[in-house]
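Chain residues, written in single-letter form:
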Amino acid sequence: MSVESLRAEPALAGWLAALARLFVIPAGYRDENVDRVGALDMLRCGPAVLDALIRDGLPCSGEPGAERFDRYDLFNLALYSGSNSSVPERAIQFALRWMGKAPETWLNPMAWQVGIELACPEQHGCGDAPTWSMARPTPEAFGGRTIELRTDPAGATIGREDVTAQGSPAFGLTVDLETRGERRQLRAPALREIVDEFMTGDWRWARMPEELQARPDLVLPHGVAPCISVSLRLAERCAAAGFQARTRRGWILGMLDLAHAWLEVVDEDGQLKVVDPIFAMLSDHAVDPHPDFRAVCLGSRVNRLLPSEHSADNPLAQHTCGGVSRVPKKKVVVRSGRQRLAAQAAASTEHAKEAHR
Amino acid sequence: MTEDDKVGRRVREIIGEMCPLGEREARSTDRVTDDLGYDSVGIVELAMVLEQEFELQPIDEEQAIDIVTVGDVEELVRLATAAA
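In this text the structure is predicted, and so the values were computed from the model without any measurement. (Residues numbered from 1 in each chain as written. Chains lettered and ligands numbered in written order. Predicted model: local features only at pLDDT ≥ 70, side-chain atom pairs only at ≥ 80, totals over all residues. Heavy atoms only, no water.)

> Would you mind going over the overall build of chain A with me for this structure?
Summing up its helical and strand segments, chain A has 13 helices and 16 strands in all. Its C-alpha atoms give chain A a radius of gyration of 22 Å, within 12% of the compact-globule value 21 Å for 357 residues. Principal axes of the C-alpha set define a box for chain A whose edges measure 80 × 55 × 45 Å. By the burial criterion, 49% of the 357 residues in chain A qualify as buried. Restricting to contacts in chain A with at least 6 residues of sequence separation, those with at least 24 account for 71%. In the form shown here, chain A has an accessible surface area of approximately 16300 Å², with 50% of it arising from carbon and sulfur atoms. (Helix = DSSP H or I, 4+ residues; strand = E, 2+ residues; numbered from the N terminus. Rg over C-alpha atoms; globule rule 2.2 N^0.38 Å. Buried < 20%, exposed > 50% of the residue type's maximum accessible area, 1.4 Å probe, protein only. Contact = heavy atoms within 4.5 Å. Areas by Shrake-Rupley, 256 points an atom, 1.4 Å probe, with all protein chains shown as cover.)

> I tried to follow the overall build of chain B on my own but got confused; where do I start?
In terms of regular secondary structure, chain B is built from 4 helices and 0 strands. Moving toward the C terminus, one meets the helices and strands of chain B in the order α-α-α-α. In summary, chain B has a C-alpha radius of gyration of 12 Å against a globular reference of 12 Å for 84 residues, a match within 12%. For chain B, the share of sequence-separated contacts (at least 6 apart) that also reach a separation of at least 24 residues comes to 53%. Carbon together with sulfur atoms contributes 45% to the accessible area of chain B, which is approximately 4400 Å² in total.

> Just checking my understanding: could you explain the packing of aromatic side chains for this structure?
A ring pair, where both rings are aromatic, is described by two values, the distance of the centres and the angle of the planes. Residue and element names in this part refer to chain A. All told, the structure shown has 7 aromatic pairs over all chains when counted by the stated rule. Summarising the aromatic geometry, the rings of phenylalanine 198 and tryptophan 203 are spaced 4.9 Å apart at their centres and angled 20 degrees between planes, so their arrangement reads as stacked. Phenylalanine 198 gets classed as buried once you look at its relative accessible area, which sits at 10%. Taking the centre distance of 6.0 Å and the plane angle of 55 degrees together, the rings of phenylalanine 279 and phenylalanine 293 count as tilted. Here phenylalanine 279 is found in helix α11 (residues 277-282), whereas its partner phenylalanine 293 is found in helix α12 (residues 293-296), with 14 residues between them in sequence. We note that phenylalanine 279, like phenylalanine 293, is buried. (Phe/Tyr/Trp six-rings, centres within 6.5 Å; stacked < 30°, edge-to-face > 60°.)

> Would you mind showing me how to read the sheet that holds strand β8 (residues 170-179) of chain A here?
Remark on secondary structure: sheet strands pair via backbone hydrogen bonds, oriented parallel or antiparallel. All names here are of chain A. The strand order β5-β8-β3-β16 describes an open sheet built from 4 strands, whose pairing is antiparallel. Of all the strands in the sheet, just β5 (145-152) and β16 (329-336) have a single pairing partner and so form its edges. Taking the axes of each pair of neighbouring strands and ignoring which way they run, one obtains an average angle of 15 degrees across the sheet. (Pairing = 2+ DSSP bridges. Axes fitted to C-alpha atoms, helices over the stretch in contact; angles between N-to-C directions.)

> Sorry, what's going on with the environment of Thr320(A) here?
Residue and element names in this part refer to chain A. Topologically, threonine 320 is positioned in strand β14 (residues 317-321). For threonine 320, a relative accessible area of 28% corresponds to the partly exposed category. Considering only alpha carbons, one finds threonine 320 and aspartate 128, 192 residues apart in sequence, at a separation of 8.9 Å. Here the side chain of threonine 320 touches threonine 131 through a polar contact of 2.4 Å, side chain to side chain. (Polar contact = N/O pair within 3.5 Å; in protein donor to acceptor, adjacent residues only side chain to side chain.)

> Got a minute to help me understand the pairing of β14(A) in this structure?
The side chains of a regular strand alternate, residue by residue, between the two faces of the sheet. Residues and elements named next belong to chain A. By the alternation rule, side chains of β14 split into Ala317, His319 and Cys321, which are all buried, and Gln318 and Thr320, of which none is buried. Pairing geometry for strand β4 (residues 131-135) and β14, over 4 bridges, is antiparallel. The residue of β14 that forms the bridge with threonine 131 is threonine 320. Bridge count for β14 against strand β15 (residues 324-326) is 3 bridges, and the pairing is antiparallel. Paired with cysteine 321 across the strands is valine 324, a residue of β15.

> What exactly am I supposed to notice about the UniProt feature "domain: Carrier" (unreviewed entry) in chain B here?
The UniProt entry lists residues 5-81 of chain B under the feature "domain: Carrier" (unreviewed entry), expressed in the numbering used here. Measuring from the first to the last C-alpha atom of residues 5-81 of chain B gives 13 Å, for a span that is 56% helix and 0% strand. (UniProt positions renumbered as here; feature names shortened; annotations may be inferred.)

> When you look at the nonpolar core in this model, what are you seeing that I'm missing?
For soluble globular proteins, nonpolar side chains are generally found buried alongside one another. Membership of the largest hydrophobic core comes to 123 residues, with the highest contact counts inside it found for Trp15(A), Leu58(A), Leu77(A), Met134(A), Phe279(A) and Ile15(B). With 7 residues, helix α10 (residues 227-240) of chain A is the single largest residue contributor to this core. Beyond its immediate stretch of four places on either side in the chain, Met134(A) contacts Ile116(A), Leu118(A), Glu161(A), Asp162(A), Val163(A), Phe171(A), Leu173(A), Trp251(A), Leu316(A) and Ala317(A). In terms of nonpolar packing, the next biggest core, distinct from the first, is built from 7 residues, Phe23(A), Met208(A), Val219(A) and Val224(A) among them. (Core = buried A, V, L, I, M, F, W, Y, C linked by side-chain atoms within 4.5 Å.)

> How do you make sense of unusual backbone geometry when you look at a structure like this?
As a rule of thumb, non-glycine residues mostly have phi less than zero, and peptide bonds are mostly trans rather than cis. Residue and element names in this part refer to chain A. With an omega of 5 degrees, the peptide bond between aspartate 152 and proline 153 qualifies as cis. Among the structural elements, proline 153 can be located in the loop between β5 and β6 (157-158). A positive phi angle, close to 55 degrees, is found at arginine 44, a residue other than glycine. Secondary-structure assignment places arginine 44 in the loop between α3 (36-43) and α4 (47-55). Overall, the relative accessible area of 40% leaves arginine 44 in the partly exposed class. For aspartate 288, which is not glycine, the phi dihedral falls at a positive 50 degrees. Among the secondary structure elements, aspartate 288 is positioned in the loop between α11 and α12. Given a relative accessible area of 63%, aspartate 288 falls into the exposed group.

> When you look at the packing of helix α1 (residues 3-17) of chain B against helix α4 (residues 70-83) of chain B in this model, what are you seeing that I'm missing?
Helices that pack against each other are described as a pair by the angle of their axes relative to one another and the distance between those axes. All names here are of chain B. Their axes nearest at 9 Å, the elements α1 and α4 cross at an angle of 130 degrees. Our classification of the angle between α1 and α4 gives oblique. As α1 packs across α4, the resulting crossing turns out to be right-handed. Taking contact as the criterion, the partners of Asp4, Val7, Gly8, Val11, Arg12 and Ile15 in α1 are, on α4, Val70, Val73, Glu74, Val77 and Arg78. Its residues assigned to classes, the contact of α1 with α4 shows 6 nonpolar, 1 polar and 4 charged. (Parallel < 35°, antiparallel > 145°, perpendicular 65-115°, else oblique. Left-handed = near helix turned anticlockwise from the far one by under 90°. Nonpolar A, V, L, I, M, F, W, Y, C, P; charged D, E, K, R; others polar.)

Structure (structure tokens):
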């Protein structure tokens, strides 16, 4: 197939349009560690389309046929390709199905089990005197509750903001918890104006390293809006307008491991409002999101958000070993708490039967 | 072979074919993540393939999130096909 005939294909046109608008992860933040096979696995576009993308400027290193790509570049390219077959598009569509459900399902209490595993990124093994720090999940900040928190190894220090440990080559945290939402609306006209101004802009959500997200000046001028950059910028705007505002880091609870950040601001009615424009933008990638969803993201707490006490520019996890600070590898596994609740209910029934005998 | 058996066998075949560690025979007791190497994105892919294969209504993320073993997937698909 010739390049010209490929270019005329609607599928390739979508990929090339996405490439033309791609925010390329800049030098110093990019890590070209995905090989050609991995890229094809993620994009699902076929080798001819991948070759056409490379010819049109998709950044990569290495010899032709053995190219290496940045993972975030590939993710963001695929997300806006319109192919409907790439892994990022399909995964996000699946993970956001809940956005199409009835509004009360975003607010009702939900039980979860969240497991977080940290590992040292060093290929040759963790160095001397390892230390670990993980932001403590605090559902209480949104009216939820922590039921049980366990660490592996046991004996970690559980502080208000962080769970810390030392001496072990890896670290894990498992939390049984309940989240809940509450519907609220932005009231102050000046606050609504700040948020509306952002929401009517031509922004695209994109994934990128957290260190880059923490530099809004390098990101926002390009029309891309990752959660950390946006929440930091909106907090500045709100504070400048006289509102008490803070950013907060946390997690989106669901199938995918998505760390998140948002803005919290005290409105004229004295209530704390959660402003999460990224959640609203993410709903553009969902299939048939509920028409009320975007409004709920601008003021309400939703039960899919798990807060920490960290601000947006404070990493969720930190690790040191051999006297060097390193970004640990993270694995987050989220399960519903249904099984735990069912087990508790069964135990309770059995206990009642015993008491009756 | 009952309809349930056929569903279970086909589910195991698909899970084995899509296994991130390479195609292999999947058993009901295999753990999808720990034994077969599926990550969360892999489970999403699997769920979407199963929806297509068995013409299921969209699988609820809250159900997929609790999948541990291949047997859990079989049960999920059996319930979904029975409800269809």
